[in-house]
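A closer look at the structure
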Amino acid sequence: MASSPPPPPPRREEEEEEERRRHDDGDDDDQITSPLLPPEPSSSRGGGSPEYSPEENSPIEQVALTVPVGDDPDTPVLTFRMWVLGTASCALLSFLNQFFWYRKEPLTITAISAQIAVVPLGRLMAAALPDRAFLRGTRWEFSLNPGPFNVKEHVLITIFANSGAGTVYAIHVITAVRVFYGKHITFFVSLLVVLTTQVLGFGWAGIFRRYLVEPAAMWWPSNLVQVSLFRALHEKEGRVKGGLTRNQFFLVAFICSFAYYIFPGYLFQMLTSLSWVCWVFPNSVFAQQLGSGLRGLGIGAIGLDWSTVSSYLGSPLASPWFATANVAAGFFFVMYIVTPIAYWFNFYKAKNFPIFSDGLFTLTGQKYNISTIVDSHFHFDTEAYEKNGPLYLSTFFAVTYGVGFASLTATIVHVFLFHGSEILQLSKSAFQDKKMDIHTKLMRRYKQVPEWWFICILIANIAVTIFACEYYIEQLQLPWWGVLLACAIAFFFTLPIGIITATTNQSPGLNIITEYIMGYLYPGRPVANMCFKVYGYISMSQALTFLQDFKLGHYMKIPPRTMFMAQVVGTLIAAFVYIGTAWWLMDTVPYICNTELLPPDSPWTCPGDHVFYDASVIWGLISPRRIFGDLGTYSAVNWFFLGGAIAPLLVWLAHRAFPGQSWILLINMPVLIGATGQMPPATAVNYTTWILVGFLSGYVVYRYRRDWWERHNYLLSGALDAGLAFMAVLIYLCLGLENISLNWWGNNLDGCPLASCPTAKGIAIEGCPVYT
């Protein structure tokens, strides 16, 4: 029998292709979403959803498959349950994340853990609390129990938890000053730095929300994990015969993740990085440089540990495949082409040092003694530096700084070429009612947050920051003009980096350019450089966090003013808990972060803070002129700026020359070039395993098992995160506090002791062979 002809492509694909052609030709006026939403006519303010047609759904397929299109505006949101569970989850996550950040394997407990844990608590409160109304008949009437625990309460609790997820970057400044430099900084000044850096981002978020929240094209992929989980936890679903409901699937995956993490987390820690090449060649420095997943190039290394996969790059299940492919291409180019060439051709005496390290070295491969080049006024001592000799970096560390330069210019040029016309159109149409997707249409019924609220917070925060820096100049070293310049940099870069993050789930960093600028303008003052970096970089990063939360509220139809209030309160709570926890640990843990004085098996090694401290030495103390400038060793690295600017232009020209080749538009140079931006402290095995899982999820399953991907992909991501987090906390509480550990070869991480050895002749390092 002759086979039947293949079915025609779905209408959706034809519509997307037509949309792409219209966009390429510049005919995209109808796709611009109104930035400042006008109030909806009173006739449509009743309950239920506005009239909806499938054409109004999001043009992003992942969003259309995941985000619900209905809304009940009468659902209670600001409830007693929300306040209790929201503030508690924010405080708890802030404490746990700061606690684990100082440890050898830093564990970031995401808001997903709280998102799951509060469900039974919320339902218990709904069943147990009295429903009597208080202050009846007044505008402040409320009830402790307004009805069943609902999804909007749950979303707002998660927004609170998001404030405590991750880390507070300003804590690095306090740790560097107190622990690494051994200098004085008061608790009050530290608190001011933490509060002002966290709140400063609200200003940029308010200014750019019209561009980064309301347009459907700005879809923020990582939000879909939480949306999918909300639906699984709240929507009633019948079980298919022989299958599982989404709730059941999540529970099974969560239990498996929870049970499994006892192995990489305690019993068999080598699962974090299985570097089999090192086992085959136990006495070869060359082989271990190639095969080590933690200290080398990671060829063949694999991590059977979800914390290895998601600890630095986030969940690969939430990354769209084109972004994963860009990260993979950038990683392989830097790790397996640029770095080996630079090392084995011995550029800048590369063989005197490890091939992969974030350390600072002398010419003879020894650790550089930074304390000898700091004078009594906490400034750079030029004479001592000339006596000790120049500072050197490992090959990979130097390359990553060059990649950071290139990523910065690539971001600017990419956004200008590929999104410039859209930004211009959005600016011109600020008060016009353009065509909207269903989510933006549903949000019209709610009062928007006035922009002047954000502006007032911004101005007040800048004023407090300038006062703190001027009044406590001896501790912070940053002059008033440095604060204003940092704010200008953050303002300039929030939109371009926000566009990249909202569409690819990857966020190029500003840390290098802020360090570079301040290092040239105000050299020899490490604290000033660190503060400038925090105000210039973290205020932008915080703005993106707030915007991502606003988009989550947009998807789940949370009133914007309620969202704003939750973010402000959550940010303030998190700031106090983070600084309190960090200060407590620095006072109570002996030799915290000091790897030379800590016991060999101590977990308090602070890998992220070491990288931050090294950067403050390079850019703030010694200054970029003596490292990357005319007085430095690595001046050629500055050519990366030009390379980064040219790369997106080549993609744009290729697209103009071959408009029919749609795959060209999937090449995102800021993501590709900045792929290794998390390294160090991230290692090769973090990337190789992340890329493998991202390929299986984003390409194989998404392409060949779309129905399974739609129902389970984001649920699986949340379950893996939550199971790991709960088991990690349990291991610490039951075993870590009692210092109960297992000493056997399976807990020897990586098993590649020679990977950090130099290979130049005559360089003698303890534990390494000497080449003659």
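None of these values were measured; they are calculated from a predicted model.

A tally of helices and strands in the protein chain yields 28 helices and four strands. For the protein chain, the proportion of its 772 residues judged to be buried stands at 56%. Put simply, of all contacts in the protein chain between residues at least 6 apart along the chain, 80% involve residues at least 24 apart. Surface accessibility of the protein chain: about 32500 Å² in total, with carbon and sulfur atoms responsible for 63%.

In the structure shown here, the tally under the stated rule is three disulfides. Bridging Cys-757 to Cys-768, the disulfide has an S-S length of 2.0 Å. Handedness of the Cys-757-Cys-768 disulfide follows from its S-S torsion of about -85°: it is left-handed. One end of the pair, Cys-757, is in the segment after α28 (706-736); the other, Cys-768, is in the segment after α28, with 11 residues separating them in the sequence. Described in terms of the sequence order of its bonded cysteines, the disulfide pattern of the protein chain is 1-4, 2-3, 5-6. Looking at the unpaired Cys-531, the closest cysteine sulfur is the one in Cys-469, lying at 6.0 Å. Looking at Cys-531, the relative accessible area reads 1%, which means it is buried.

Let us now look at the nonpolar core. The biggest cluster of nonpolar side chains holds 212 residues, and the ones touching the most others in it are Tyr-102, Ile-370, Leu-391, Leu-393 and Ile-618. Residue contributions to this core peak at 18 residues, all from helix α22 (residues 526-556). Not counting chain neighbours up to four residues away, the residues in contact with Ile-370 comprise Tyr-181, Leu-360, Leu-391, Tyr-613, Val-617 and Leu-621.

Glancing now at the environment of Tyr-102. Inspection of the secondary structure puts Tyr-102 in the loop between α3 (80-101) and α4 (111-128). By relative accessible area, Tyr-102 is classed as buried at 0%. Each C-alpha atom, one on Tyr-102 and one on Cys-606, is 4.3 Å from the other, the two residues being 504 residues apart in sequence. The contacts of Tyr-102, once residues within four sequence positions are left out, are Ile-171, Thr-175, Ala-582, Leu-585, Met-586, Ile-592, Cys-593, Pro-603, Trp-604, Thr-605, Cys-606 and Asp-609.

Think of a ball as big as a water molecule: rolled over the atoms, this probe shows where empty space is left. By the definition in use, this model includes one cavity of 30 Å³ or more. Size it by volume and the largest cavity reaches roughly 140 Å³. Forming the boundary of the largest cavity are 13 residues, of which Val-213, Glu-214, Gln-448, Phe-550 and Pro-560 lie nearest the centre. The set of elements that each furnish at least two residues to the lining of the largest cavity consists of α22 and α23 (560-588). With three residues, α22 is the largest single contributor of residues to the lining of the largest cavity. Its residues placed into classes, the lining of the largest cavity shows eight nonpolar, three polar and two charged.

This next bit is on the pattern of salt bridges. Going through the model one piece at a time under the given rule, you end up with six salt bridges. Between Glu-515 and Lys-533 there is a salt bridge whose closest N-O contact spans 2.5 Å. Of this pair, Glu-515 sits in helix α21 (residues 511-521) while Lys-533 sits in helix α22, and the two are 18 residues apart along the sequence. Judged by its relative accessible area of 2%, Lys-533 falls in the buried class.

This part is about the packing of aromatic side chains. All told, the structure shown has 61 aromatic pairs when counted by the stated rule. Both rings, one in Tyr-516 and one in Tyr-520, keep their centres 5.3 Å apart while their planes meet at 40°; by these two values the pair is tilted. One end of the pair is Tyr-516 and the other is Tyr-520, both in helix α21 and four residues apart, which spans about a single turn. The ring of Phe-378 carries the charged tip of Lys-183 above its face, separated from the ring centre by 5.5 Å. Here the basic side chain of Arg-525 rests over the ring of Tyr-522, its NZ or CZ set 4.2 Å away from the ring centre.

Let us look at a nonpolar patch on the surface. Residues Tyr-260, Phe-263, Leu-267, Leu-304, Leu-742, Trp-744 and Trp-745 make up a contiguous nonpolar surface patch of about 680 Å² in total accessible area. Relative to the helices and strands, Leu-304 resides in the loop between α12 (285-291) and α13 (306-310). Overall, the relative accessible area of 42% leaves Leu-304 in the partly exposed class.

So, on to unusual backbone geometry. Geometrically, the link from Pro-680 to Pro-681 is a cis peptide bond, its omega value of 10° lying close to zero. Along the polypeptide, Pro-681 turns up in the loop between α26 (669-673) and α27 (684-704). Although it is not a glycine, Lys-349 sits at a positive phi angle of roughly 55°. Mapped onto the elements of the fold, Lys-349 is located in the loop between α14 (321-344) and β3 (360-361). For Tyr-591, which is not glycine, the phi torsion reads 60° and is therefore positive. Within the secondary structure, Tyr-591 sits in the loop between α23 and α24 (607-622). By relative accessible area, which is 52% here, Tyr-591 ends up exposed.

Viewed as axis vectors pointing N to C, helix α9 (residues 246-260) and α28 meet at an angle of 35°, and their least axial separation amounts to 7 Å. Relative to α28, α9 is oriented so that their crossing is right-handed. Within the contact of α9 with α28, the residues separate by chemical class into 15 nonpolar, four polar and two charged.

Two elements in contact, helix α8 (residues 223-234) and α22, have axes separated by 10 Å at closest approach and are oriented at 35°. Viewed along their axes, α8 and α22 form a crossing whose handedness is right-handed. Contact residues: α8 offers Asn-223, Leu-224, Gln-226, Val-227 and Phe-230, while α22 offers Gln-548, Lys-551, Leu-552, Tyr-555 and Met-556. Its residues placed into classes, the contact of α8 with α22 shows six nonpolar, three polar and one charged.

How each quantity is defined
Per-chain numbering applies: the sequence of each chain, read as written, is numbered from 1 onward. A pLDDT threshold of at least 70 governs which residues receive local features in this predicted model, and a stricter bar of 80 or more applies before side-chain atom pairs are shown or counted, although totals over entire chains, interfaces and linings include all residues. Excluding hydrogens and water, the side-chain values take into account all heavy atoms of the structure. A helix here means a DSSP run of H or I that spans at least four residues, while a strand means a run of E at least two residues long, and both kinds are numbered starting from the N terminus. Partly exposed residues are those whose accessible area sits between 20% and 50% of the maximum for their type, while under 20% is buried and over 50% is exposed, using a 1.4 Å probe and protein chains only. Any two residues having at least one pair of non-hydrogen atoms within 4.5 Å are treated as being in contact. Computed by Shrake-Rupley with a 1.4 Å probe, the accessible areas treat only the displayed protein chains as cover when residues are assessed. Only a pair of cysteine sulfur atoms within 2.5 Å counts as a disulfide in this structure description. Note on terminology: a nonpolar core comprises buried Ala, Val, Leu, Ile, Met, Phe, Trp, Tyr and Cys residues joined through side-chain atoms within 4.5 Å. Cavities and pockets were defined on a 1 Å grid built from protein atoms only: a cavity is a group of points that admits a 1.4 Å probe but offers it no way out, a pocket is an open group of points flanked by protein on both sides within 12 Å along at least five of seven lines, and a lining residue is one with an atom within 4 Å of any such point. Grid points are joined across faces, edges and corners, and a volume is the space filled by probe spheres set on the points. Think of it as three bins: nonpolar holds Ala, Val, Leu, Ile, Met, Phe, Trp, Tyr, Cys and Pro, charged holds Asp, Glu, Lys and Arg, and polar takes everything else, Gly as well. A pair is scored as a salt bridge if a Lys or Arg side-chain nitrogen falls within 4 Å of a carboxyl oxygen belonging to Asp or Glu. When two rings of Phe, Tyr or Trp (its six-membered ring) have centres within 6.5 Å they constitute a pair, described as stacked for plane angles under 30 degrees, edge-to-face for angles over 60, and tilted for the intermediate range. Cation placement over rings: the criterion is NZ of Lys or CZ of Arg within 6 Å of the ring centroid and within 35° of the ring normal. Excluding any residue in a salt bridge, patches collect residues exceeding 30% relative accessible area, merging like charges within 9 Å and nonpolar Val, Leu, Ile, Met, Phe, Trp and Tyr side chains within 5 Å. Axis lines are fitted through C-alpha atoms, for helices just across the contact stretch, and the angle between N-to-C directions can take any value from 0 to 180 degrees. In this scheme the handedness of a crossing depends on how the near helix is turned from the far one: anticlockwise by less than a right angle means left-handed, clockwise means right-handed.

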